[in-house]
Amino acid sequence: MLDSYLEHLEIITDKELINPIDVFKIFWHAEWTKNRRVEDVENMMKNTGIVVLIKYKKKPIAFARAITDFVFRAYIEDVIVLPKHQKHGIGTLLVETLENILKLSGVNRIELTTNKVYFWQSLGYNIKNNTEHLIKNL
Ligand SMILES: CC(C)(COP(=O)(O)OP(=O)(O)OC[C@H]1O[C@@H](n2cnc3c(N)ncnc32)[C@H](O)[C@@H]1OP(=O)(O)O)[C@@H](O)C(=O)NCCC(=O)NCCS
């Protein structure tokens, strides 16, 4: 990432400092989150273990979260960088921020589902080939 880009970035992990409306607006940019209701996003923020919002020049540009027990396991969800800011290392920054918080808690395994395997592999994630990842959409 260019230093000039980095100097305008703010990484926020304190829920009290994140306006759910900013997250709601970032959700407009991904297929699986774009129809979420603002009141549901507010509740999601309250009930999610770890959240990360990144701002660029004071404007929200990226979000990610982890659902976790803070002891053994974590699931990363909703990793989204606004299209204009993609491929600058922001996605990596989101995930590394979540990972650092999880590591401090002692969590030793992170799981997720994705259709962007190349992105996750570049961050050291491996495809599980001896188990099947099962999902039921409710
Ligand atoms: C996937 C996503 C989060 C990546 O964010 P990003 O800020 O562009 O990612 P980075 O710039 O940190 O890139 C990390 C690595 O992934 C690679 N990568 C990112 N997007 C890529 C693409 N479209 N094609 C190929 N490689 C890509 C980068 O080249 C980089 O690898 P490198 O370090 O070897 O160069 C972003 O594209 C996005 O928000 N997409 C829409 C929502 C989505 O699908 N989220 C994923 C949910 S699982």
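Here is what the cut-offs are and how they apply
- Residues numbered from 1 in each chain as written.
- Predicted model: local features only at pLDDT ≥ 70, side-chain atom pairs only at ≥ 80, totals over all residues.
- Helix = DSSP H or I, 4+ residues; strand = E, 2+ residues; numbered from the N terminus.
- Rg over C-alpha atoms; globule rule 2.2 N^0.38 Å.
- Buried ≥ 20, exposed ≤ 12 C-beta atoms within 10 Å, placed from the backbone.
- Near = placed C-beta within 6 Å.
- Nonpolar A, V, L, I, M, F, W, Y, C, P; charged D, E, K, R; others polar.
- Pairing = 2+ DSSP bridges.
- Axes fitted to C-alpha atoms, helices over the stretch in contact; angles between N-to-C directions.

Caption draft 1: Structural view of the overall build of the protein chain. What the protein chain contains, in helices and strands, is five helices and five strands. The N-to-C order of helical and strand elements in the protein chain reads α-β-α-α-β-β-β-α-β-α. Here the C-alpha atoms of the protein chain give a radius of gyration of 15 Å, agreeing with the 14 Å that 2.2 N^0.38 yields for 138 residues. C-alpha extents for the protein chain along the principal axes are approximately 45 × 35 × 30 Å. Sorting the 138 residues of the protein chain into buried and exposed places 23% on the buried side.

Caption draft 2: Representation of the site of the ligand within the structure. The environment of the ligand is made up of 16 residues, and the closest members are Val81, Gln86, Gly91, Thr92 and Thr114. Among the secondary structure elements, those contributing two or more residues to the shell around the ligand are strand E4 (73–81), helix H4 (90–105) and helix H5 (117–122). Residues belonging to the shell around the ligand are distributed by class as follows: seven nonpolar, seven polar and two charged.

Caption draft 3: Focus on the sheet that holds strand E3 (residues 59–68). If you trace the five strands from one edge of the open sheet to the other, you get E1-E2-E3-E4-E5, paired in mixed fashion. Only two strands of the sheet have a single partner each, and these edge strands are strand E1 (9–12) and strand E5 (109–111). Looking at each pair of strands side by side, their axes are set apart by 25 degrees on average, direction ignored. In terms of strand pairing, E1 meets strand E2 (residues 50–56) through four bridges, oriented antiparallel. Across the sheet, the residue bridging to Ile12 is Leu53, located in E2.

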